[in-house]
Amino acid sequence: MVAIVDADTGLLAEAPDFLARGFVHDEGTFDTVVPLIEKALAKAAEEGVGGALQLEQLITRAVATWAHRNGRRSPMIIPVVIDA
């Protein structure tokens, strides 16, 4: 997934892009994970966490938890955080 994060606020600048392989999904499959990512980034911003590596780890954790709860899957998640 690719997430563009506003460098000033630490929040998503736009909705993340998901590139998925290995399972059938439709356009709205990842809609329910975006609020979880936003929540994780908001918490990180409040705590002063802003490094790209740290944000990637937070996003990975949020998406992995979502994938396990919603599909009983443990996918490989490779987030790319771009500071805007």
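So, here's what we can say about the structure. (Residues numbered from 1 in each chain as written. Predicted model: local features only at pLDDT ≥ 70, side-chain atom pairs only at ≥ 80, totals over all residues. Heavy atoms only, no water.)

1. Quick notes on the layout of surface pockets
Logical step 1: Of the pockets and cavities examined, the second largest pocket occupies roughly 310 Å³.
Logical step 2: Taken together, the elements giving at least two residues each to the lining of the second largest pocket come down to helix 1 (34-46) and helix 2 (52-71).
Logical step 3: Sort the elements by how many residues they give to the lining of the second largest pocket and helix 2 lands first, with seven residues.
Logical step 4: Its residues placed into classes, the lining of the second largest pocket shows seven nonpolar, two polar and five charged. (1 Å grid on protein atoms, 1.4 Å probe; cavity = no way out; pocket = protein on both sides within 12 Å on 5 of 7 lines; lining within 4 Å. Points joined across faces, edges and corners; volume = space filled by probe spheres on them. Helix = DSSP H or I, 4+ residues; strand = E, 2+ residues; numbered from the N terminus. Nonpolar A, V, L, I, M, F, W, Y, C, P; charged D, E, K, R; others polar.)

2. Examining helix 2
Logical step 1: If you check helix 2, its first and last C-alpha atoms are 27 Å apart, about what 20 residues at 1.5 Å a residue would give, namely 28 Å.
Logical step 2: Those residues of helix 2 that fall on the buried side of the exposure criterion are Leu55, Ile59, Ala62, Val63, Trp66 and Ala67. Across the axial projection of helix 2, the buried residues extend over an arc of 130 degrees, all falling on one side. Opposite the buried face of helix 2, by more than 90 degrees, sit the exposed residues Leu53, Arg61 and Arg69.
Logical step 3: The inward-facing, buried residues of helix 2 contact strand 1 (2-5), helix 1 and strand 2 (80-83). (Expected span 1.5 Å × (residues − 1). Buried < 20%, exposed > 50% of the residue type's maximum accessible area, 1.4 Å probe, protein only. Arc of directions from axis to C-beta. Contact = heavy atoms within 4.5 Å.)

3. Quick look at helix 1
Logical step 1: Taking 1.5 Å of rise per residue, the 13 residues of helix 1 would be expected to cover 18 Å, and the 18 Å separating its terminal C-alpha atoms lies within 8% of that figure.
Logical step 2: Of all the positions in helix 1, only Val34, Ile37, Ala40, Leu41 and Ala44 are classed as buried. Taken down its axis, helix 1 places every buried residue within 125 degrees of arc, on the same side. Residues of helix 1 that are exposed and point over 90 degrees away from its buried face: Lys39 and Glu46.
Logical step 3: Buried positions along helix 1 lie against strand 1 and helix 2.
Logical step 4: Phi turns positive, to about 80 degrees, at glycine 48, one or two residues after helix 1.

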